[in-house]
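Coordinate inspection notes
Here's the letter readout for the chains.
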Amino acid sequence: REAEIRNTILAQVLDQAARARLSNLALVKPDKAKAVENYLIQMARFGQLPGKVSEQGLIEILEKVSQQTEKKTTVKFNRRKVLDSDEEDDY
């Protein structure tokens, strides 16, 4: 039931090319596609969408969502001090 409502709202909000792009995204990154769908539905409910969202508009929304959910990668090196047995042979 909820999926039908979501699909109906998205069909009213997105044009054909944008729907196709969102479907492709859902195959590759379902979490990101769900976030974009939630964003679009929220904007539609509050009347913030002037008309149908084109493919270019969807790309801009994808960039916004990507910036908000971007994970920063950090690399930490733990260097271990190893006792070198060769030094003991010199005595």
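Report follows, based on the coordinates.

Thresholds, definitions, all that
Residues numbered from 1 in each chain as written. Predicted model: local features only at pLDDT ≥ 70, side-chain atom pairs only at ≥ 80, totals over all residues. Heavy atoms only, no water. Helix = DSSP H or I, 4+ residues; strand = E, 2+ residues; numbered from the N terminus. Buried < 20%, exposed > 50% of the residue type's maximum accessible area, 1.4 Å probe, protein only. Polar contact = N/O pair within 3.5 Å; in protein donor to acceptor, adjacent residues only side chain to side chain. Contact = heavy atoms within 4.5 Å. Core = buried A, V, L, I, M, F, W, Y, C linked by side-chain atoms within 4.5 Å. Expected span 1.5 Å × (residues − 1). Salt bridge = Lys/Arg side-chain N within 4 Å of Asp/Glu carboxyl O.

1. A look at the side chain of Arg-6
With respect to the helices and strands, Arg-6 occurs in helix H1 (residues 2-13). On the basis of relative accessibility, which here comes to 13%, the residue Arg-6 falls in the buried class. Of the polar contacts made by the side chain of Arg-6, one reaches the side chain of Glu-37; its length is 3.1 Å. With near-sequence residues (within four places) excluded, Arg-6 lies in contact with Lys-34, Glu-37, Asn-38 and Ile-41.

2. Points about the side chain of Glu-37
When you line up the elements, Glu-37 lands in helix H3 (residues 30-45). For Glu-37, a relative accessible area of 16% corresponds to the buried category. Ignoring anything within four residues of it in the chain, the contact list for Glu-37 reads Arg-6, Leu-10 and Leu-22.

3. Here's the deal with the nonpolar core
Judged by nonpolar contacts, the single largest core of 18 residues is most densely connected at Leu-14, Leu-22, Val-36, Leu-40, Val-53 and Leu-58. Of all elements in the fold, only H1, helix H2 (16-28), H3 and helix H4 (55-68) reach the threshold of two or more residues within this core. The biggest single contributor to this core is H3, with five residues. Apart from residues no more than four positions distant in its own chain, Val-36 is found in contact with Leu-22, Leu-58, Ile-61, Leu-62 and Val-65.

4. Here's the deal with H4
Here H4 contains 14 residues, and its C-alpha end-to-end distance of 20 Å stays within 8% of the 20 Å for a straight helix at 1.5 Å per residue. If you follow the buried residues of H4, they end up packed against H2 and H3.

5. Considering H1
Taking 1.5 Å per residue as the helical rise, H1 with its twelve residues ought to reach 16 Å, and the 17 Å between its terminal C-alpha atoms agrees with that figure. The elements touched by buried residues of H1 are H2 and H3.

6. Re the pattern of salt bridges
As enumerated under the stated definition, the model contains two salt bridges in all. Arg-6 serves as the salt-bridge partner of Glu-37, at 3.1 Å between the closest nitrogen and oxygen. Of this pair, Glu-37 sits in helix H3 while Arg-6 sits in helix H1, placing them 31 residues apart in sequence. Glu-55 is the partner of Arg-21 in a salt bridge, and the nearest nitrogen-oxygen pair spans 2.9 Å. Highlighted residues: Arg-21 in helix H2 and Glu-55 in helix H4, separated in sequence by 34 residues.

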